[in-house]
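# Summary of structural features
Take a look at the letters that make up each chain.
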Amino acid sequence: MTIKKIFIAATLALSVAAAAYAEEQKAPAAGAAPAMSAPAAQGAPAATAAAPAPNAAASVATPAPAAPAPVKKELKANKTITIGMFMIIIAITMGVVVWAAKQTKSAADFYAAGGGITGTQNGWAIAGDYMSAASFLGISGLISLYGYDGFMYSVGWLVAYITVLLIVAEPCRNAGKYTLGDILSFRTSPKPVRAFAAISTVAVSTFYLTAQMVGAGKLMALLIGIPYKMSIIGVGVLMVGYVVFGGMVATTWVQIIKAGLLMSGAFLLSFLVMIKSGFNPIGFFNTIVSSPEIQDHVSKLVLKDGVILSGMDAGQRFLEPGLYLKNPLDQISLGMALVLGTAGMPHILMRFFTVPTAQAARKSVIIAMFIIGGFYVLTTLLGFGAAIHLTPQGITSVDPGGNMATLMLAQQMGADIAPIIGDLFLAFLCAVAFATILAVVSGLVLAASAAIAHDIYVNVIKDGHADQHEQVFAARATSFVVGACGILIGIAAEKQNVAHLVALAFAVAASGNLPVVVLSLFWRKFNTAGVISGLVVGTVASIALVMVSPNMTYPKVIAEGAKKVVVAMEKKQAALPAGQSLSEKDAKALAKAKVDAQQTGTSMVGLEKPLFTLKNPGIISIPLGFMAAILGALAFPSRRSEEMFDEVYVRQNTGLGMAKAVEH
Amino acid sequence: MAERQYDWKAIAKNPKFVELHHKKTAFLFGWWIFSCVYYFLLPIGAAYTPGIFKVKIIGVINFGYIFALSQFFVSWGIALYYSHVANKDFDRLTRELIDELHL
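Residues numbered from 1 in each chain as written. Chains lettered and ligands numbered in written order. Predicted model: local features only at pLDDT ≥ 70, side-chain atom pairs only at ≥ 80, totals over all residues.

### Looking at the overall build of chain B
Cut-off, in case you're wondering: Under the scheme used here, helices are H or I runs from DSSP no shorter than 4 residues and strands are E runs no shorter than 2 residues, and both carry numbers assigned from the N terminus. For the radius of gyration, the atoms used are the C-alpha atoms, and the globule rule reads 2.2 Å times the number of residues raised to 0.38. Buried, partly exposed and exposed are defined by the number of other C-beta atoms within 10 Å of a residue's own C-beta, namely 20 or more, between the two limits, and 12 or fewer respectively, with C-beta atoms placed from the backbone. Any pair of residues counts as being in contact when their C-beta atoms, constructed from backbone geometry, are within 7 Å of one another.
Regarding its fold elements, chain B presents four helices and two strands. The order of helices and strands in chain B, counted from the N terminus, is α-α-α-β-β-α. The C-alpha atoms of chain B give 21 Å as radius of gyration, which overshoots the globular expectation for 103 residues (13 Å, by more than 25%). With respect to the three principal axes, the spread of C-alpha positions in chain B is 65 × 30 × 25 Å. A burial count over chain B gives 25% of its 103 residues as buried. Long-range pairs, those at least 24 residues apart, make up 60% of the contacts in chain B between residues at least 6 apart in sequence.

Listed below in structure tokens is the structure:
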């Protein structure tokens, strides 16, 4: 009950404080409204896009195909309001940490919140743990620029939870304790298995954490102009604070608060978008198809493939597949990594040890599925809404990848009511993005440090002989070190391309972790050799395939592409009547291509061009992981492992003899 | 906290447990395979049969959109159905088994 009261109080405090800020900020902010503040509400959505508005927002609201070089737009949040909201979130979460720290006395408290999280709470926490800033900002951006393909991309992230629900959630609750290593070492030689399980957990968490940290740094720099390094350090210090002092209890509540904020933001924004189309879904889709800006955008997209489309046909094309996802095998490969990888993600698996029973684990997945699925359905509205109200041209002028679409939409939808509401809404969504990053990175740090402290330190180095005090100390010290490493890696990776790391994390989880978890739980003949060969082959295969994939940078391939551009541009120049020169945009492209064409050298692993043509390794690495696990087990049979299968199987099905998270 | 000793082999052969195990395995893997097939029809269909995806169903809303949206409802449906069956059958069988073992 106290938890509920705190949560309610926190929510109240948040809304009251937000209102207070609104009053305070009204005068100055209204005067110095950022350039993005759109003109006041205009009747029909189509009119919003077409009507030329007299202020700076005009170039965003109207298409500018004729303009020679579109000026680079920026989305600037009102710093005072945004930082105020950040402070409120930090204050609330710090309150949670202080409260959680008092309850964290044993290792079970630190890793599994003493098994005292309810199914509903855990459902929200899973959603909070899972939905990263990439799904919050990235997917709606994809939809706003590529329509249908962005929506299709979001589906796999929910379907993945069927595997979690049917295959891993309840057995893991019944057979595990704190980590992946606990499940895998049950009927195998514990030391080597725990060591390998810990390495794979740390690998997956590091890939995912790096992508999150770099994303966090860039996002904060873009939104409120905090320098990259400062953002990473700020996020890192908070994350370390939550995990070190509050352990699983604090992490869980940070995730619950984040999921609540994220869903409120998404609901509110979708509601505003739907008001504009009069809650008429058919009208909403008609607006998309008949928007001249979307039509123009799609014609340009398909022109690259040599297809000529215009008018309503081009608008309709926005609702059809193939504008973004052009390689079906890559798509299927990513789908496999998602569907199997989510169930092998250590930070997701760990959430099932925080609930007291298998029934609660089941309930938590179902609640998480409704939250996550509901969020992605709303994301469609946000993405298409952004395409209608901001136009794809307006979105790409701020960020070519479309990552700012949701935030721009929030500002415009709010500003259509009153400029200050636009600022407030934008600040609120920035704060949601901030909370999102914090919740995800905390979960990852906790999972990685549990693997190191519980599996490697307590069970491999100390043979399981460590008292509660020592275990908690080890857990806290490890979390501190893991968090510090996360900050350093985040700073070091600033200039690196980290986009593929999320897909890599899922691929490793799907190829390394999931096969061995499933076989441990369901296959009698599975044993130590199987676990180790499965983990090693699955992990190494995924990483190796990514190293030789198109995700890496290949200077010679870039140079070749650039040479083609140079040739094409020079032809174009030659074809021009005498005295005329290339347009500014073309001239720039030519200059850049000339520089790029000089690039030589090889990729990180010394290749001139990719050996493996897919960006997602799952389609090859997942079967390899399964095969290695099965062959390894068959090659080195273990009588003990087979004899103990009855015990594992009865335990995972019935929960008999369950390792109670609470020490009696 | 001395852990209770169970005769795992005997429990594994208990008819109640065998019944639970058969029902659960058939249900879980059956529906898991169904959900995978249904999901992978989306990227495969979008890539190889784009013609079907373009067929307009309601106004400008096409089959592809409805199919993608249906993925969400099918997933939720499976989740709710599983929860219903598990709460009704699997949990009951487990309870009966534990009662029978006098635990």
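### Focus on the overall build of chain A
Looking only at helices and strands, chain A has 28 helices and zero strands in total. The buried share among the 664 residues of chain A stands at 58%. Expressed as a percentage of contacts within chain A between residues at least 6 apart in sequence, the contacts between residues at least 24 apart total 83%.

### Thoughts on the domain arrangement of chain A
Quick reminder of the rule: Source of the domain bounds: an automatic or database domain assignment.
As assigned here, chain A comprises domain 1 (97–102 + 114–285 + 323–392 + 399–499 + 644–654) and domain 2 (557–596). Distance between the C-alpha centres of domain 1 of chain A and domain 2 of chain A: 44 Å.

### So, the environment of Tyr554 of chain A
All names here are of chain A. The topology assignment puts Tyr554 in the loop between helix 23 (528–547) and helix 24 (555–575). By the C-beta count within 10 Å, which is 19 here, Tyr554 ends up partly exposed. Along the backbone, Tyr554 and Pro400 are 154 residues apart, and their C-alpha atoms lie at a distance of 22 Å. In contact with Tyr554, other than residues within four places in its own chain, are Ser603, Leu607, Glu608, Lys609 and Pro610.

### Concerning unusual backbone geometry
Residue and element names in this part refer to chain A. In this model, Ala113 sits at a positive phi of 50°, which is unusual for a non-glycine residue. By the secondary structure assignment, Ala113 is in the loop between helix 5 (107–112) and helix 6 (119–130). Among the residues examined, Ala113 registers 28 C-beta atoms within 10 Å and is labelled buried.

### Some remarks on the UniProt feature "transmembrane region" (unreviewed entry) in chain B
Going by this rule: UniProt positions are given in the numbering used here, feature names are shortened, and annotations may be inferred rather than shown by experiment.
Those residues carrying the UniProt feature "transmembrane region" (unreviewed entry) are residues 26–48 and 60–82 of chain B in this numbering. Secondary structure within residues 60–82 of chain B divides into 87% helix and 9% strand; the distance between the first and last C-alpha atoms comes to 35 Å.

### What about the nonpolar core?
All names here are of chain A. Filter applied, for reference: By definition, a nonpolar core groups buried Ala, Val, Leu, Ile, Met, Phe, Trp, Tyr and Cys residues that are joined through C-beta atoms within 7 Å.
Counting residues in hydrophobic clusters, the biggest one holds 238 residues, and the most contacted among them are Ile372 and Cys430. The biggest single contributor to this core is helix 20 (residues 419–461), with 30 residues. Sequence-distant contacts of Cys430, defined by excluding residues within four places in its chain, comprise Ala77, Thr82, Leu223, Ile224 and Leu407.

### Comments concerning the confidence of the model for chain B
Residues and elements named next belong to chain B. For the record, the criterion: Every residue gets a pLDDT, meaning the predictor's confidence in that residue, from 0 to 100.
Predicted confidence across chain B gives a mean pLDDT of 89, with 94% of residues reaching 70 or more. Highest mean pLDDT in chain B belongs to helix 4 (residues 63–100) (93); lowest belongs to helix 1 (residues 8–13) (86). Taken together, the chains of this predicted complex give a pTM of 0.84 and an interface ipTM of 0.93.

### Comments concerning the interface of chain A and chain B
For clarity, the cut-off: The classification used treats Ala, Val, Leu, Ile, Met, Phe, Trp, Tyr, Cys and Pro as nonpolar, Asp, Glu, Lys and Arg as charged, and all other residues, Gly among them, as polar.
Residue-level contacts link 43 residues of chain A with 49 residues of chain B. The greatest single-element share of the side of chain A that touches chain B, amounting to 12 residues, is contributed by helix 8 (residues 148–175) of chain A. Each residue belonging to the side of chain A that touches chain B can be placed in one class, and the counts come to 25 nonpolar, 13 polar and five charged.

### Brief notes about helix 15 (residues 328–341) of chain A
An α-helix turns once per 3.6 residues; consequently, residues spaced three or four apart project the same way. Keep this limit in mind: Working rule for helices: expected span equals 1.5 Å times residues minus one.
Here helix 15 of chain A is 14 residues long and its end C-alpha atoms lie 19 Å apart, about the 20 Å a rise of 1.5 Å per residue gives. Within helix 15 of chain A, 11 of the 14 residues are buried, leaving the element largely enclosed by the surrounding structure. Regarding helix 15 of chain A, the residues found buried are Asp330, Gln331, Ser333, Leu334, Gly335, Met336, Ala337, Leu338, Val339, Leu340 and Gly341 of chain A. Looking at the buried side of helix 15 of chain A, the elements it contacts are helix 8, helix 22 (499–522) and helix 26 (618–635) of chain A together with helix 2 (15–48) of chain B.

### Some words on the confidence of the model for chain A
This prediction gives chain A a mean pLDDT of 83; 88% of its residues lie at or above 70. This model gives residues 1–71 of chain A a pLDDT under 50, and the stretch forms 88 contacts once residues within four places in sequence are excluded.

### Side note on helix 28 (residues 645–654) of chain A
Across the 10 residues that make up helix 28 of chain A, a large majority, nine, are buried. The set of residues buried in helix 28 of chain A consists of Phe645, Glu647, Val648, Tyr649, Val650, Arg651, Gln652, Asn653 and Thr654 of chain A. Contacts from the buried residues of helix 28 of chain A go to helix 8, helix 22 and helix 27 (639–643) of chain A together with helix 1, helix 2 and helix 4 of chain B. Once helix 28 of chain A finishes, Gly655 of chain A follows within two positions and takes phi at roughly 80°, a positive value.

### A look at the packing of helix 4 (residues 79–103) of chain A against helix 11 (residues 228–276) of chain A
Angle between the axes and distance between the axes: these two values describe a pair of packed helices. Residues and elements named next belong to chain A. Inclusion rule: For helices, the fitted axis covers only the stretch in contact; all axes are lines through C-alpha atoms, and the angles between them, taken along N-to-C directions, range from 0 to 180 degrees. Note on angle classes: values under 35 degrees are labelled roughly parallel, values over 145 roughly antiparallel, values of 65 to 115 roughly perpendicular, and the remainder oblique.
The contact between helix 4 and helix 11 brings their axes to 8 Å, and the two run at 105°. The angle between helix 4 and helix 11 falls in the class roughly perpendicular. Residues Ile90, Ile92, Thr93, Val96, Val97, Ala100, Ala101 and Gln103 of helix 4 form the contact with helix 11, whose participating residues are Leu238, Gly241, Tyr242, Phe245, Gly246, Gly247, Val249, Ala250, Trp253, Val254 and Ile257. Grouping the amino acids of the contact of helix 4 with helix 11 by side-chain chemistry returns 14 nonpolar, five polar and no charged.

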